[in-house]
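Below, each chain spelled out in residue letters.
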Amino acid sequence: LISNKTASGLDMGIWETMRGLRNKQAGSTQNYRGSDAFFKLLTPLQKHHITDIFPHLCPATPGGELPGMDFEQSKLFLELAKANGLSVMPWVGGVYQKHCFPAQKSWRDHFVQSITSRLSEYPQLDGIQLNIEPWPNGNRDLLNLLDELNAVIPENKIVFFGFLSVFFGMHFSGFLGTGFFSFFV
């Protein structure tokens, strides 16, 4: 659970697996949801003042591509979330040096392109939540990746980032370009 204090009070966000938004697997329809199931998800979120949803869209492929999303399911979910005042920012990334290779310029290029394509394909998305962990202490590749994302992400989209550093087991998080940054030990 992620929370941030705003002028209007305590806004809350939640990480959601949202496997129903992924591309359909052959022979598997149990994870796919209709509008009734989405309403059952959204109603308690509103009751508990959840304003931000971070659907899991991980891991990236070693080539930098995000997992596929089922277009109709995603479109339905995003329409219902927006109609109910919720922000949706997919959680993207994966495990450092297993799924994510930010030291490689070609991986960063594909990853950034995959993110911008997804934001273009689904304009209802409010941005993304970048999570690559564990992040090695002193590794500057994250800054390169954030600079490259910042250069191409539309101004009306948010890039929220969180990563677990191997330095003292800290968890860092923040918003790119908004001045918000916090860390937890």
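Residues numbered from 1 in each chain as written. Predicted model: local features only at pLDDT ≥ 70, side-chain atom pairs only at ≥ 80, totals over all residues. Heavy atoms only, no water.

A. Geometry of unusual backbone geometry. The residue after C58, namely P59, is reached through a cis peptide bond having omega -5 degrees. Residue placement: P59 occurs in the loop between β3 (50-55) and α2 (71-83). Following E133, the chain continues to P134 via a peptide bond in cis, the omega torsion being -5 degrees. In this structure, P134 sits in the loop between β6 (127-133) and α4 (141-152). Positioned with a positive phi, Q97 is a non-glycine residue whose angle comes to about 70 degrees. (Helix = DSSP H or I, 4+ residues; strand = E, 2+ residues; numbered from the N terminus.)

B. Highlighting the packing of aromatic side chains. Within this structure, the stated rule accounts for 2 aromatic pairs. Summarising the aromatic geometry, the rings of F71 and Y122 are spaced 5.7 Å apart at their centres and angled 35 degrees between planes, so their arrangement reads as tilted. Linking F71 in helix α2 with Y122 in the loop between α3 (105-121) and β6, this pair joins segments that are 51 residues apart in sequence. Of the residues examined, Y122 reaches a relative accessible area of 2% and is grouped as buried. With a centroid separation of 4.5 Å and an interplanar angle of 15 degrees, the aromatic rings of W107 and F111 are classed as stacked. A residue pair is termed a helical-turn pair when its members lie 3 or 4 positions apart in one helix, as W107 and F111 do in helix α3 at 4 residues. Neither residue differs from the other here; W107 and F111 are each classed as buried. (Phe/Tyr/Trp six-rings, centres within 6.5 Å; stacked < 30°, edge-to-face > 60°. Buried < 20%, exposed > 50% of the residue type's maximum accessible area, 1.4 Å probe, protein only.)

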